[in-house]
Amino acid sequence: MAHPLSEYRRKRDFARSAEPRGRRALDKRSDERRFVIQKHAARQLHYDFRLELDGTLKSWAVPKGPSLDPTIKRLAVQVEDHPVEYAEFEGRIPAGEYGAGEVIVWDCGTWQAEDEDPAAAYAAGKLKFRLRGEKLEGGWLLLRTRRLGGSADQAQWLLIKEEDAAARPQADYDVLAERPDSVLSGARLDSR
Ligand code: MN
């Protein structure tokens, strides 16, 4: 079986970008797993949603970012697994490199699966979970709707807030606009 980070590494030149090369984490037993959402000013601004599972960060690019409104479904395009150390990455990926542009940690914390076997739920394309972050909390759902081509890591999913105390109508509160900055450094992406 290929190393889980082979696709991640193939796309990047670690002599030029400060992104981590990554080691495979060994901790599979903890039910407190990390999540991170990175705001990434690449060619198109997007939010990279990442959940720690089986020693890597399962990753989705969310073009419009998360919404606290349960009636709003946000497209989440699955991308290659990232190393767990990527959760702390903030900085500029140099011009000409894969994903060139600035990255900030928009939110981070821990997540818990609602399913007994989150790896099986992920494989089945329906992952229910709770987030404990600084900006995002409560129940969420990631639902796979479509596979693209033959590649396992390019499926389309939807990211949906569950109805609970942390839900807010989008018209009343846009968490992306209200809280645009890094939770690690306070950094803001220029003019975003
Ligand atoms: Mn990205």
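Before any of the text, the structure's been laid out above.
All figures in this text were calculated on a predicted structure; none of them were measured in a lab. (Residues numbered from 1 in each chain as written. Predicted model: local features only at pLDDT ≥ 70, side-chain atom pairs only at ≥ 80, totals over all residues. Heavy atoms only, no water.)

Undergrad: For this particular structure, what's the right way to read the layout of surface pockets?
TA: Regions of empty space are outlined by a rolling probe, equal in size to a water molecule, passed over the atoms. Taken as a whole, the largest pocket holds about 600 Å³ of empty space. Broken down by secondary-structure element, the contributors of at least two residues to the lining of the largest pocket are strand 2 (45–53) and strand 4 (73–82). When residues of the lining of the largest pocket are assigned to their parent elements, the largest contribution, four residues, is made by strand 4. When its residues are assigned to classes, the lining of the largest pocket shows 10 nonpolar, six polar and nine charged. (1 Å grid on protein atoms, 1.4 Å probe; cavity = no way out; pocket = protein on both sides within 12 Å on 5 of 7 lines; lining within 4 Å. Points joined across faces, edges and corners; volume = space filled by probe spheres on them. Helix = DSSP H or I, 4+ residues; strand = E, 2+ residues; numbered from the N terminus. Nonpolar A, V, L, I, M, F, W, Y, C, P; charged D, E, K, R; others polar.)

Undergrad: What am I meant to see in the packing of aromatic side chains here?
TA: Two descriptors summarise a pair of aromatic rings, namely the distance from one centre to the other and the angle between the planes of the rings. Tallying each qualifying case throughout the model produces 10 aromatic pairs. Their ring planes at 85° and their centres at 6.0 Å tell us that Trp 60 and Tyr 122 sit as a pair that is edge-to-face. With Trp 60 in strand 3 (residues 56–62) and Tyr 122 in helix 2 (residues 118–124), this pair connects stretches of sequence that are 62 residues apart. Neither Trp 60 nor Tyr 122 differs from the other in exposure class; each is buried. Site record: aromatic cluster; members linked through ring pairs are Phe 49, Trp 60, Trp 111, Tyr 122, Phe 129 and Trp 157. (Phe/Tyr/Trp six-rings, centres within 6.5 Å; stacked < 30°, edge-to-face > 60°. Buried < 20%, exposed > 50% of the residue type's maximum accessible area, 1.4 Å probe, protein only.)

Undergrad: I'm lost on the pattern of salt bridges in this one. Help?
TA: Pairing is possible between side chains of opposite charge, provided their charged atoms come close. Applying the stated criterion across every chain, the model contains 14 salt bridges. Linking Arg 34 and Glu 88 is a salt bridge whose minimum nitrogen-to-oxygen distance equals 2.6 Å. Here Arg 34 is found in strand 1 (residues 33–41), whereas its partner Glu 88 is found in the loop between strand 4 and strand 5 (91–93), with 54 residues between them in sequence. What makes Arg 34 partly exposed here is its relative accessible area of 33%. Among the salt bridges present, the one from Asp 48 reaches Arg 50, with a minimum N-O distance of 3.6 Å. (Salt bridge = Lys/Arg side-chain N within 4 Å of Asp/Glu carboxyl O.)

Undergrad: Just to check I follow, could you spell out the side chain of Lys 39 for this structure?
TA: Along the chain, Lys 39 turns up in strand 1. In this structure, Lys 39 is buried with no salt-bridge partner, the nearest side chain bearing the opposite charge being Asp 181 at 6.2 Å. At 3.2 Å, the side chain of Lys 39 and the backbone oxygen of Pro 180 are in polar contact. (Lys, Arg positive; Asp, Glu negative; His and termini not counted. Polar contact = N/O pair within 3.5 Å; in protein donor to acceptor, adjacent residues only side chain to side chain.)

Undergrad: Explanation requested: the environment of Trp 157 in the structure shown.
TA: Summarising the element assignment, Trp 157 is placed in strand 9 (residues 156–161). The exposure class of Trp 157 is buried, given its relative accessible area of 0%. Spatially, the C-alpha atom of Trp 157 lies 12 Å from that of Phe 49, the residues being 108 residues apart in sequence. When residues no more than four places from it in sequence are discounted, the contact partners of Trp 157 are Trp 60, Arg 74, Leu 75, Ala 76, Gln 78, Tyr 122, Gly 125, Lys 126, Leu 142, Leu 143, Arg 144 and Thr 145. Of note is the side chain of Trp 157, whose polar atom sits 2.9 Å from the side chain of Gln 78. (Contact = heavy atoms within 4.5 Å.)

Undergrad: Teacher, can you tell me more about the nonpolar core here?
TA: Nonpolar side chains tend toward joint burial in soluble globular proteins. In terms of nonpolar packing, the biggest core is built from 26 residues, with Phe 49, Leu 51, Trp 60, Phe 129, Leu 131, Leu 136 and Leu 142 touching the most fellow members. In terms of residues, this core owes the most to one element, strand 2, which gives four residues. Counting residues in each nonpolar core, the second largest holds 11 residues, with Tyr 8, Leu 57, Tyr 86 and Phe 89 among its members. (Core = buried A, V, L, I, M, F, W, Y, C linked by side-chain atoms within 4.5 Å.)

Undergrad: Just to check I follow, could you spell out the pairing of strand 6 (residues 101–113) for this structure?
TA: For a regular strand, side chains alternate in direction, first toward one face of the sheet and then toward the other. As paired strands, strand 1 and strand 6 are joined by nine bridges and run antiparallel to one another. Following the sheet pairing, Lys 39 is matched in strand 6 by Ile 104. Looking at chain direction, strand 5 and strand 6 are connected through three bridges and run antiparallel. The residue of strand 6 that forms the bridge with Ile 93 is Gly 101. With five bridges connecting them, strand 6 and strand 7 (residues 126–133) associate as antiparallel partners. Residue pairing across strands places Ala 113 opposite Phe 129, the latter belonging to strand 7. (Pairing = 2+ DSSP bridges.)

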